[in-house]
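# Analysis of the macromolecular model
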Amino acid sequence: MQHIKHLILSTLVLNMLSCGFLEDKTKDNEAVAATVQDTTAQNAPADGYIVTPHVAHPKFKALSTAFETQEHRFEIDRCEFKYNGKSFFIGDTEEKIIEIFGIPESNKKSIKGNNSIFRYKKLNIELWFDSINNTIISLGLLINVYKKNPPPYDIIKFRKTPYHLDMTLNEFIELNDLDHGTSLGHTLHSFYIKNEKKCSSLPIETSIGSRPIYHSIGGGHVTIRGEFNPKSTGPINILGVGLKTNN
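The notes below deal with the structure included here. (Residues numbered from 1 in each chain as written. Predicted model: local features only at pLDDT ≥ 70, side-chain atom pairs only at ≥ 80, totals over all residues. Heavy atoms only, no water.)

In this structure, F74, F88, F101 and L127 are the most contacted members of the largest nonpolar core, which totals 47 residues. In contact with L127, not counting residues within four places along its chain, are F88, I97, F101, S116, I117, F118, Y120, I136, S138 and L139. (Core = buried A, V, L, I, M, F, W, Y, C linked by side-chain atoms within 4.5 Å. Buried < 20%, exposed > 50% of the residue type's maximum accessible area, 1.4 Å probe, protein only. Contact = heavy atoms within 4.5 Å.)

This is the structure we're talking about:
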């Protein structure tokens, strides 16, 4: 079942990375939410894993300082999110989000009607709410997906680690203790953090939309995909954090 869910997630991420700029397309919105919600950590221990930044890395201080000078500052941690120093959490209400971000440019219902979607196009962020109690169930930061709508920031903080938008995933994990195969897993088209610690009683899951690279075997018409190549990664295009689902 775990492998099936990862296969579903891979297909959704591939669809997002191959589509154009979102012009209020509900199906594209649902793909973002599914990416956030469908990643499954495997065999999570009782305590769970917490990403540890490498603050002594030579690039860390300079990136953190540059982050603080930006007009728009996003911090996406495991349990707490921040925008310009204002905190919000999974489970917060629509009213709390409007208080922080203002009125969204788009406020829609999902196709099935069980979720509402706040979209802030200028910030490249989507927030999904449970329609019954209007509380946040997932966040999607669409960093490098839509070239016609580049984000108005160059650096975000992800798990307390500064990430410049032109860095590869491997350059990012040099700045913390994430490691391929142990704490960082992958599907055919994306990565995910394994075994993350719960937020109080809430099981949280994280999707990193960066395309994994595989070795090639053969050539021409008989080229086939070989083993995953951990030494080669692209940039992070999407970050998704949300409640872990059971289906």
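Among the secondary structure elements, G242 is positioned in strand β15 (residues 238-243). Each C-alpha atom of the pair G242 and I136 lies 8.4 Å from the other, and the pair is 106 residues apart in sequence. (Helix = DSSP H or I, 4+ residues; strand = E, 2+ residues; numbered from the N terminus.)

Within strand β12 (residues 204-209), six of the six residues are buried, which leaves the element mostly enclosed by the surrounding structure. Covered by surrounding structure in β12 are I204, T206 and I208 together with E205, S207 and G209, the residues of both alternating faces. Here strand β11 (residues 191-193) pairs with β12 via two bridges, running antiparallel. Residue pairing across strands places F191 opposite I208, the latter belonging to β12. The pairing of β12 with β15 spans six bridges and is antiparallel. In the strand pairing of β15, I204 is matched with L243. (Pairing = 2+ DSSP bridges.)

Here we take up helix α4 (residues 94-101). What α4 keeps buried is the set E94, I97, I100 and F101. Here the buried residues of α4 occupy an arc of 125 degrees about the axis, which is enough to place them on one side. Exposed side chains of α4 directed beyond 90 degrees from the buried face belong to E95 and E99. On its buried side, α4 packs onto β1 (74-76), β2 (80-83), β3 (86-89), β5 (115-120), β6 (125-130) and β7 (135-142). One or two steps after α4, the chain reaches G102, where phi turns positive at roughly 90 degrees. (Arc of directions from axis to C-beta.)

This part covers the packing of aromatic side chains. This model, assessed by the stated rule, comprises 12 aromatic pairs. Seen from their ring centres, Y214 and F228 are 5.9 Å apart, and the 70 degrees between their planes marks the pair as edge-to-face. Pair noted here: Y214 is in strand β13 (residues 212-217) and F228 is in strand β14 (residues 224-233), with a separation of 14 residues, a long-range link. Using a relative accessible area of 16% as the deciding quantity, one classes F228 as buried. An aromatic cluster is defined as three or more aromatic residues linked by ring pairs; in this entry it consists of F74, F81, Y83, F88, F101, Y120 and Y153. (Phe/Tyr/Trp six-rings, centres within 6.5 Å; stacked < 30°, edge-to-face > 60°.)

This next bit is on the pattern of salt bridges. Summed over all chains, the structure comprises four salt bridges. With a closest N to O distance of 2.3 Å, K160 and D77 form a salt bridge. Within this pair, whereas K160 is found in the loop between β8 (155-158) and β9 (161-164), its partner D77 is found in the loop between β1 and β2, the two being separated by 83 residues in sequence. On the basis of relative accessibility, which here comes to 52%, the residue K160 falls in the exposed class. Across the pair R159 and E196 runs a salt bridge, and its minimum N-O distance is 3.0 Å. Residue R159 is found in the loop between β8 and β9, and its partner E196 is found in the loop between β11 and β12; the two are separated by 37 residues along the sequence. The residues R159 and E196 share a single accessibility class, namely buried. (Salt bridge = Lys/Arg side-chain N within 4 Å of Asp/Glu carboxyl O.)

Moving on to the sheet that holds β9. What the five strands build is an open sheet, ordered β3-β2-β1-β8-β9; its pairing is mixed. Two strands close off the open sheet at either side, each with one partner strand: β3 and β9. Neighbouring strand axes in the sheet, compared pairwise and without regard to direction, differ in orientation by 25 degrees on average. In the sheet, β1 pairs with β2 via three bridges, with the strands oriented antiparallel. Each residue of the ladder has a partner; that of I76, found in β2, is F81. Packing against the sheet, α4 makes contact with β1, β2 and β3, and its axis sits at approximately 155 degrees to β3. (Axes fitted to C-alpha atoms, helices over the stretch in contact; angles between N-to-C directions.)

Here β2 runs beside β3; their pairing, made up of four bridges, is antiparallel. By the bridge assignment, Y83 is partnered in β3 with K86. The hairpin formed by β2 and β3 contains two residues between the paired strands, and N84 there has a positive phi angle of roughly 50 degrees.

Right, let's get into the state of the cysteines. Summed over the entire model, instances satisfying the criterion amount to one disulfide. The side chain of C79 participates in a disulfide bridge whose partner is C199; the two sulfur atoms lie 2.2 Å from each other. Residues C79 and C199 are joined through a disulfide that is left-handed, its torsion about the S-S bond being -100 degrees. Of this pair, C79 sits in the loop between β1 and β2 while C199 sits in the loop between β11 and β12, placing them 120 residues apart in sequence. What makes C199 buried here is its relative accessible area of 8%. (Disulfide = S-S within 2.5 Å.)

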